[in-house]
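Spelled out, the chains give:
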Amino acid sequence: MSVAGDFTVLDLRYEQSDTHSHQLFVKQNASKATCKQKPTGRTLYVLNVPPYATEEALKHAFSSAGEIERVVLQEKPSNKESAPIEIMDKHVFCFKVAYVVFAKPDSLKKLLRKRTINPLHSEANPLLTGVAKWTKTYQERIPDPVALQQEIDEYMATYDQKIEEQKAKESNNAADEDGWVTVSKKNSGVFAQKQVVVKKLEKKLDNDRTTKQLKNFYTFQIRESKKDDIISLRKKYDRDLKKMEQIKKAKRFKPY
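Visitor: So what exactly am I meant to see when it comes to the overall build of the chain here?
Guide: In terms of regular secondary structure, the chain is built from six helices and five strands. Expressed as a percentage of its 256 residues, the buried residues of the chain come to 23%. Sequence-distant contacts in the chain: of pairs separated by 6 or more residues, those separated by 24 or more amount to 61%.

Visitor: Looking at this model, I keep getting lost on the side chain of histidine 121. Mind explaining?
Guide: One can find histidine 121 in the loop between α2 (105–114) and α3 (130–141). A distance of 2.8 Å separates a polar atom in the side chain of histidine 121 from the backbone nitrogen of leucine 127. Setting aside anything within four residues of it in sequence, one finds histidine 121 in contact with Tyr14, Glu15, Pro126 and Leu127.

Visitor: How should I be thinking about the pattern of salt bridges in this particular structure?
Guide: Side chains that differ in sign of charge can pair as their charged atoms come close. What the rule picks out here adds up to three salt bridges. One salt bridge connects aspartate 240 with lysine 236, and the closest N-O pair in it is separated by 3.5 Å. You can see aspartate 240 and its partner lysine 236 sitting in helix α6 (residues 219–249), four residues apart, about one turn around the helix. We classify aspartate 240 as partly exposed; its relative accessible area is 37%.

Visitor: Looking at this structure, how should I read the pairing of strand β5 (residues 96–102)?
Guide: Here is the key point about a regular strand: its side chains alternate between the two faces of the sheet. Buried residues dominate β5, accounting for seven of its seven residues. The alternating pattern of β5 places Lys96, Ala98, Val100 and Phe102 and Val97, Tyr99 and Val101 on opposite faces, both of which are buried. Looking at chain direction, strand β3 (residues 43–49) and β5 are connected through five bridges and run antiparallel. Looking across to β5, one finds that threonine 43 is bridged to valine 101. Relative to β5, strand β4 (residues 68–74) is paired through six bridges, and the arrangement is antiparallel. By the bridge assignment, leucine 73 is partnered in β5 with alanine 98.

Visitor: Help me out: how do you make sense of helix α1 (residues 55–62) in this one?
Guide: Residues lying three or four places apart along an α-helix face the same way, a consequence of the helix completing one turn every 3.6 residues. When α1 is considered as a whole, its buried residues turn out to be Ala57, Leu58, His60, Ala61 and Phe62. Residues of α1 that are buried in the fold lie against β1 (8–12), β2 (22–28), β3, β4, β5 and α2.

Visitor: So what exactly am I meant to see when it comes to α2 here?
Guide: Listing the buried residues of α2 in full gives Ser107, Leu108 and Leu111. Here the buried residues of α2 occupy an arc of 100° about the axis, which is enough to place them on one side. Residues Asp106, Lys109 and Arg113 are exposed on α2 and point more than 90 degrees away from its buried face. Directly beyond the C-terminal end of α2, a positive phi value near 60° is found at arginine 115.

Visitor: How should unusual backbone geometry be read in this particular structure?
Guide: Outside of glycine, negative phi angles account for most residues, and trans bonds account for most peptide bonds. Backbone geometry places asparagine 48, a non-glycine residue, at a positive phi of 65°. Structurally, asparagine 48 is set in strand β3. The backbone of arginine 115 shows a phi angle near 60°, a positive value even though the residue is not glycine. Considering the arrangement of structural elements, one finds arginine 115 in the loop between α2 and α3.

Visitor: Hey, could you run me through a nonpolar patch on the surface in this one?
Guide: On the surface, Leu148, Ile152, Tyr155, Met156 and Tyr159 cluster together to form a nonpolar patch covering roughly 490 Å² of accessible area. Mapped onto the elements of the fold, tyrosine 159 is located in helix α4 (residues 145–170).

Visitor: Before we go on, may I ask you to explain the environment of serine 63 in this structure?
Guide: With respect to the helices and strands, the residue serine 63 is situated in the loop between α1 and β4. Taking relative accessible area as the criterion, serine 63 reaches 33% and is therefore assigned partly exposed. Considered as a pair, serine 63 and leucine 111 are 48 residues apart in the sequence and their alpha carbons are 9.3 Å apart. Not counting the four nearest positions on each side in its chain, serine 63 is found in contact with Ile68 and Asn118.

Definitions and cut-offs
- Residues numbered from 1 in each chain as written.
- Predicted model: local features only at pLDDT ≥ 70, side-chain atom pairs only at ≥ 80, totals over all residues.
- Heavy atoms only, no water.
- Helix = DSSP H or I, 4+ residues; strand = E, 2+ residues; numbered from the N terminus.
- Buried < 20%, exposed > 50% of the residue type's maximum accessible area, 1.4 Å probe, protein only.
- Contact = heavy atoms within 4.5 Å.
- Polar contact = N/O pair within 3.5 Å; in protein donor to acceptor, adjacent residues only side chain to side chain.
- Salt bridge = Lys/Arg side-chain N within 4 Å of Asp/Glu carboxyl O.
- Pairing = 2+ DSSP bridges.
- Arc of directions from axis to C-beta.
- Patch = residues over 30% accessible without salt bridge, like charges linked within 9 Å, V, L, I, M, F, W, Y side chains within 5 Å.
- Areas by Shrake-Rupley, 256 points an atom, 1.4 Å probe, with all protein chains shown as cover.

This is how it looks when you write it as structure tokens:
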């Protein structure tokens, strides 16, 4: 467990010209157990980080001692020095805990020896606070009309292309020998006949017109049809009589 005497106090200024500063409490994160997120000899444990400080601003501040590999903020300190880093939500506004990982161990030693860091805000690395930050946050929530229209146009173009491809795929069903395409639920709104199929259908219709005969339409056709039916019934009756005579002769017919 860390005690107050283990920490070094660093003065953190918002701008270089500020006469007042915020105090950070730092120490080397020493752990017997290995942790990839907190490499031994290169990780600085920082307490009392102000709510407005960001990872980029802290990276700029501690870069006075050397190259920074990464800075990670947490809402609360880890239970153990070897515990994995818990990345917090960027929208949480509170005092934080930071883990600053240097690229080289010498940079960490240099920082603890010099006890000076860069300010959070500079012209090259600006850090917005107060009204300026709120204004920027509000403006970022309002979409750019030109960019929004471009995004909508790109989406609709992609959507229209997808619909056309789907219609083409559904209308590309194989036709049967008569040239008809089976209409299903999916392609009920799409029906297209090829020119070759249309010609084949027209030819078939022409042949039907020339060979088709009207039956039982005229009076003489009805009379002839009835006569044919009567003749057919008489012939069938004669065949049945002959068959009965043959059965009687063969003594296979026993009516009683």
